[in-house]
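Results of the structural survey
Chain by chain, the residues run as shown.
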Amino acid sequence: MSRKIVVAGNWKMNKTAAEAEALVKELVGLVSDVCPCKAEIVVCPPFTAIAAAVKAAKGSNIKVGAQNVHWEASGAYTGEISVSMLKELGVEYVITGHSERRQYFGETDHTVHLRTAAALAGGFKVMMCIGETLEERESNRTAEVLDRQLEGGLGGFTAADMENIILAYEPVWAIGTGKTATPEMAEETHRHIRGKVRAMFGDEVAGKIRIQYGGSMKPGNAAELLACPDIDGGLIGGTALKADSFAELVKNAVSGSGC
Ligand code: PGA
């Protein structure tokens, strides 16, 4: 089954609104020849830079996402952001469950589920992140950890919900470290993830769901990663902070995927 690839930049806590505007304007020119029929290109700036990014991306093939969302519609949740606030800005995608949220901000499988459910109800496409730590991989617990994250994050969703879910497999030990999983290692894990989705939701959902790889993806390794049958895109940190390197990565990903 052919799946359209999705390559997203997760800017994390980087870029002011002015910097976002400049980056997206430059990116628009660099990726204008990438057909939206082949790849979805997404940038996920910090909340304060979303409006500028949406404005700069208007009319282009670049979509804008947010890095988080709260499950309540409004209320006393200092520091959080709601679905309606993001919708008003023109956001179309939301990241949930990033390992930095899990590691530094007490995010659990349950809160990831609540955020993901709220984002789906709000009509966003959700990139839900999962991944094991180095210690978990070395103690042969990768499959167990991913299964737990998938059950906790996705349990209770319907096949229709799953149409708007994208999974991002990000081995924690590969994020920002320059250590990428080898294509063989990544493919083996992606195959496991798709198998778990099949066990939970059946063949059709498993065949359709897109699974991004994330963790030190670069222009130089994007093509070989995307050539793997179960890798359908990337979630990119450091390399997404410069328009030229992100554009090169997007193009290499498209060519590697055979699109
Ligand atoms: P990296 O980050 O590309 O800088 O490793 C990926 C991510 O955390 O999404």
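Our structure is the block above this text.
These remarks concern the structure in this document. (Residues numbered from 1 in each chain as written. Predicted model: local features only at pLDDT ≥ 70, side-chain atom pairs only at ≥ 80, totals over all residues. Heavy atoms only, no water.)

1. Here's the deal with the overall build of the chain
Heads up, the rule is: In this text, helices come from DSSP runs of H or I with a minimum length of four residues, and strands from runs of E with a minimum of two, each type numbered from the N-terminal end. For this measure, only C-alpha atoms enter the radius of gyration; the expected value for a globule follows 2.2 Å times N^0.38, where N is the number of residues. Note on contacts: a residue pair qualifies if any of its non-hydrogen atoms lie within 4.5 Å across the two residues. Accessible areas in this description were obtained via Shrake-Rupley with a 1.4 Å probe; residue shielding takes into account the shown protein chains only. Residues counted as positive are Lys and Arg, residues counted as negative are Asp and Glu, and His and the chain ends are not counted. Charge positions are represented by NZ for Lys, CZ for Arg, CG for Asp and CD for Glu.
Secondary structure summary: the chain contains twelve helices and eight strands in total. On C-alpha atoms alone, the chain measures out to a radius of gyration of 17 Å, which is about the 18 Å that the 2.2 N^0.38 rule sets for 259 residues. Principal-axis analysis of the C-alpha atoms gives the chain an extent of 45 × 45 × 35 Å. Counted over contacts in the chain with a minimum sequence separation of 6, partners at least 24 positions apart contribute 72%. Summed over all atoms, the accessible surface of the chain reaches about 11100 Å², with 53% contributed by carbon and sulfur. Considering the chain, the positive charge centre built from 27 side chains and the negative charge centre built from 32 side chains are found 4 Å apart.

2. Quick look at the packing of helix α7 (residues 142-154) against helix α9 (residues 183-201)
Each pair of packed helices can be described by the angle between their axes along with the distance between the axes. The test is simple: Simply put, an axis is a line fit to the C-alpha atoms, just over the touching stretch for a helix, and the angle between two N-to-C directions goes from 0 to 180 degrees. Each angle is binned into one of four classes, with values under 35 degrees roughly parallel, values over 145 roughly antiparallel, values of 65 to 115 roughly perpendicular, and all other values oblique. Crossing chirality is assigned from the near helix's rotation relative to the far helix, an anticlockwise turn below a right angle marking it left-handed and a clockwise turn marking it right-handed. The classification used treats Ala, Val, Leu, Ile, Met, Phe, Trp, Tyr, Cys and Pro as nonpolar, Asp, Glu, Lys and Arg as charged, and all other residues, Gly among them, as polar.
At their nearest, the axes of α7 and α9 sit 10 Å apart, and the two run at 40 degrees to each other. One element, α7, and the other, α9, form an angle in the oblique class. Helix-helix and strand crossings are classified by hand; for α7 and α9 the assignment is right-handed. Residues Thr-142, Ala-143, Leu-146, Asp-147, Leu-150, Glu-151 and Leu-154 of α7 lie in contact with α9, whose contacting residues are Thr-189, His-192, Ile-193, Lys-196, Met-200 and Phe-201. In the contact of α7 with α9, the residues fall into seven nonpolar, three polar and three charged.

3. Some thoughts on the pairing of strand β7 (residues 210-214)
The condition is simple: Whether a residue is buried, partly exposed or exposed follows from its accessible area with a 1.4 Å probe, protein chains only, as a fraction of its type maximum: under 20%, in between, or over 50%, in that order. DSSP calls a pair of strands paired once it identifies at least 2 bridges connecting them. Convention used here: a crossover is right-handed provided that the path from the first strand, over the helix, to the second strand proceeds clockwise when the strands point away from the viewer.
With five of its five residues buried, β7 lies for the most part within the structure. Neither face of β7 is exposed, since Arg-210, Gln-212 and Gly-214 on one face and Ile-211 and Tyr-213 on the opposite face are all buried. In this sheet, β7 lies alongside strand β6 (residues 165-169) in parallel orientation, the contact comprising four bridges. Within β7, the position partnered with Tyr-169 by the bridge is Tyr-213. Examined bridge by bridge, β7 and strand β8 (residues 233-236) share two bridges and lie parallel to one another. The residue of β8 that forms the bridge with Gly-214 is Leu-235. With helix α11 (residues 219-226) bridging β7 and its parallel neighbour β8, the resulting β-α-β unit is right-handed.

4. Concerning the sheet that holds strand β3 (residues 62-66)
In spatial order, the strands read β1-β2-β3-β4-β5-β6-β7-β8; together these eight strands close into a barrel with parallel pairing. The average angle at which neighbouring strand axes cross in this sheet is 25 degrees, direction not considered. Direction of pairing for strand β1 (residues 5-10) relative to β8: parallel, over a ladder of four bridges. Looking at the pairing, Ala-8 lines up with Leu-235 of β8.

5. Brief notes about the side chain of Ser-99
Take Ser-99: it is sitting in helix α4 (residues 99-104). Given a relative accessible area of 12%, Ser-99 falls into the buried group.

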